[in-house]
Amino acid sequence: MPELPEVEVIRRGLAPRLVGRRFLAVRMGSRRLRQASSPEDLSRWLQGRLLKHLRRRGKYLVFLLEGGVTLLIHLGMTGRLLLGAPIREKDHIHVVFTLEGGLTLAFQDVRRFGQVLVFPPGRAPTPLQQVGREPFSRRATAAWLAEQARGRCRPIKNFLLDGRLLAGLGNIYACEILFAAGLHPATPAGELSLEEWERVLKETRRILRRAIRLGGTTVNDFLNSQGETGLFQTVLNVYGRAGEPCRRCGAVIARLVQAGRATFFCPRCQPLKPLSRSTF
DNA sequence: CACCCCACCTGCGTGC
DNA sequence: TGCACGCAGGTGGGGT
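We now turn to the structure provided with this report. (Residues numbered from 1 in each chain as written. Chains lettered and ligands numbered in written order. Predicted model: local features only at pLDDT ≥ 70, side-chain atom pairs only at ≥ 80, totals over all residues. Heavy atoms only, no water.)

**Quick look at the overall build of chain A**
- Looking only at helices and strands, one finds 6 helices and 11 strands in chain A.
- Relative to the compact-globule value of 19 Å for 280 residues, chain A shows a C-alpha radius of gyration of 20 Å, a close match.
- With respect to the three principal axes, the spread of C-alpha positions in chain A is 65 × 40 × 30 Å.
- Intrachain contacts of chain A at a sequence separation of at least 6 include 65% that bridge at least 24 residues.
- Only carbon and sulfur atoms are counted for the fraction: they give 50% of the accessible area of chain A, which is about 13400 Å².
- Here chain A contributes 45 positive and 22 negative side-chain charges, whose respective centroids are spaced 2 Å apart. (Helix = DSSP H or I, 4+ residues; strand = E, 2+ residues; numbered from the N terminus. Rg over C-alpha atoms; globule rule 2.2 N^0.38 Å. Contact = heavy atoms within 4.5 Å. Areas by Shrake-Rupley, 256 points an atom, 1.4 Å probe, with all protein chains shown as cover. Lys, Arg positive; Asp, Glu negative; His and termini not counted. Charge placed at Lys NZ, Arg CZ, Asp CG, Glu CD.)

**Considerations on helix α1 (residues 4-18)**
- Here α1 spans 20 Å end to end across 15 residues, near enough to the 21 Å set by a 1.5 Å rise per residue.
- Looking at α1, one finds that the buried residues are Leu4, Pro5, Glu6, Val7, Glu8, Val9, Ile10, Arg11, Leu14, Ala15 and Leu18.
- Phi turns positive, to about 95°, at Gly20, one or two residues after α1. (Expected span 1.5 Å × (residues − 1). Buried < 20%, exposed > 50% of the residue type's maximum accessible area, 1.4 Å probe, protein only.)

**Regarding the packing of helix α5 (residues 171-181) against helix α6 (residues 194-213)**
- Direction vectors running N to C along α5 and α6 enclose 125°, while the axes themselves pass 9 Å from each other. It follows that α5 is oblique to α6 by the angle criterion. Considering how the two elements wind past one another, α5 and α6 form a crossing that is right-handed. Between α5 and α6, the residues in contact are Tyr173, Glu176, Ile177, Ala180 and Ala181 and Arg199, Val200, Glu203, Thr204, Arg206, Ile207, Leu208 and Ala211, respectively. (Axes fitted to C-alpha atoms, helices over the stretch in contact; angles between N-to-C directions. Parallel < 35°, antiparallel > 145°, perpendicular 65-115°, else oblique. Left-handed = near helix turned anticlockwise from the far one by under 90°.)

**Things to note about the protein's contact with DNA strand B**
- In the vicinity of DNA strand B lie 14 residues, with Arg31, Arg111, Arg112, Cys153 and Arg154 positioned nearest.
- Backbone atoms, meaning sugar plus phosphate, form 69% of the atoms of DNA strand B positioned within 4 Å of the protein.
- Between Arg154 and DNA strand B, the recorded distance is 3.0 Å, taken from a backbone N or O atom to a phosphate oxygen.
- Tallied by class, the residues present in the surface near DNA strand B amount to 5 nonpolar, 3 polar and 6 charged. (Near = heavy atom within 4 Å. Polar contact = N/O pair within 3.5 Å; in protein donor to acceptor, adjacent residues only side chain to side chain. Nonpolar A, V, L, I, M, F, W, Y, C, P; charged D, E, K, R; others polar.)

**A closer look at the sheet that holds strand β3 (residues 51-57)**
- If you trace the 5 strands from one edge of the open sheet to the other, you get β2-β9-β5-β4-β3, paired in mixed fashion. Of all the strands in the sheet, the pair left with one neighbour each is β2 (35-36) and β3.
- Bridge count for β3 against strand β4 (residues 60-65) is 6 bridges, and the pairing is antiparallel. Across the sheet, His53 pairs through a bridge with Leu64, a residue of β4. (Pairing = 2+ DSSP bridges.)

**Notes on the protein's contact with DNA strand C**
- Close contacts around DNA strand C come from 23 residues, with Arg34, Thr217, Asn220, Tyr239 and Arg261 the closest.
- One of the side-chain N or O atoms of Lys59 is found 2.8 Å from a phosphate oxygen in DNA strand C.
- In this structure, Asn171 approaches DNA strand C through a side-chain N or O atom, which is 3.1 Å from a phosphate oxygen.
- Looking at the surface near DNA strand C residue by residue, the class counts come to 9 nonpolar, 7 polar and 7 charged.

**A short note on the pattern of salt bridges**
- This structure, assessed with the given rule, holds 13 salt bridges.
- Residues Arg56 and Glu134 are paired through a salt bridge, measuring 3.0 Å at the closest nitrogen-oxygen approach. Taken together, the residues span a long stretch of sequence, with Arg56 in strand β3 and Glu134 in the loop between β9 (115-119) and α3 (142-149) at a distance of 78 residues. Take Arg56 and Glu134: they sit in the same class, and that class is buried.
- A salt bridge links Arg57 to Glu134; its shortest N-O distance comes to 2.8 Å. With Arg57 in strand β3 and Glu134 in the loop between β9 and α3, the pair connects residues that are 77 residues apart, well separated along the chain.
- The exposure class of Arg57 is partly exposed, given its relative accessible area of 25%. (Salt bridge = Lys/Arg side-chain N within 4 Å of Asp/Glu carboxyl O.)

**Considerations on the packing of α3 against α6**
- Closest axis-to-axis distance for the α3/α6 pair is 8 Å, and the angle between their directions is 115°. Every pair of crossing elements has a handedness; the one defined by α3 and α6 is right-handed. Judged by residue contacts, Ala142, Ala143, Leu145, Ala146 and Ala149 of α3 engage Leu194, Trp197, Glu198 and Leu201 from α6.
- Broken down by class, the residue content of the contact of α3 with α6 amounts to 8 nonpolar, no polar and 1 charged.

**Some points on the packing of aromatic side chains**
- On inspection of all chains with the given rule, the structure shows 4 aromatic pairs.
- Both rings, one in Phe159 and one in Trp197, keep their centres 5.2 Å apart while their planes meet at 50°; by these two values the pair is tilted. Here Phe159 is found in helix α4 (residues 156-161), whereas its partner Trp197 is found in helix α6, with 38 residues between them in sequence.
- On the basis of relative accessibility, which here comes to 0%, the residue Trp197 falls in the buried class.
- Consider the rings of Tyr239 and Phe264, whose centres lie 5.2 Å apart with planes at 70°: the pair is edge-to-face. Of the two residues, Tyr239 is situated in the loop between α6 and β10 (254-258) and Phe264 in strand β11 (residues 261-265); the sequence distance between them amounts to 25 residues.
- In this structure Phe264 comes out as buried when scored by relative accessible area, which is 9%. (Phe/Tyr/Trp six-rings, centres within 6.5 Å; stacked < 30°, edge-to-face > 60°.)

Any functional reading would require information beyond the geometric quantities listed.
See below:
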């Protein structure tokens, strides 16, 4: 479910409520998550500690606690972090954190692809080492992207989905970015010109910023920390719109499958380039 | 090394 | 009504 904008929306909702408070208790359900620390470790390292910062790296939420303890939460496909006692849907809640002032934070995850991992002082949060460059950072440049893509044949769509390169993009935003950049999703990454990489990066930033401003995309079940839906789904140009007319040119939006995932694009706004000279 | 498939889960919509 | 199937925002292990 949540890509960079959704995770960032959640982070911004949680930070003012949680930062500066202590974790008092952690309760865990019995069903396994894809990756989770034991209830004992979570309690041992969180209990009584003050939350100093709440950051985001890619699609991870990074809770920095006093004494060098780090809590990582990844929402997988269907994860939610809900503030306050969830009234309606008490199902699929796997972890409940209690903080000072009676505040509760519930981790809900229907499909259980999420991760809740605690790292003691001195132990690096290893999953973050796989996370690529932040799209908004100065280190993410068109030249760097071109360099990473040099000689690569994989489609640009799959390249954008590789979180070890550019962090935080998922299926929805990868599709929307390529539409905005006017690039066919099957274009080999290595064939993009520097000018095209500049366009990709510019559109990536513009779309992510706008999605954050609109509270994320609720295609199916995304909710922010207050239990509210996003609005970006109302301005999607291609994702989930196969068979519908392109908002820009009227052509029928197409769907194809790349690396096992659906890709949506406009065949007229995103034409396949003729093969470059370098391939004879 | 580069790249893809598939498993990991549950729920929902569709078509028979 | 019931059942089988396909599909869904992510990740990473294992295979080609």
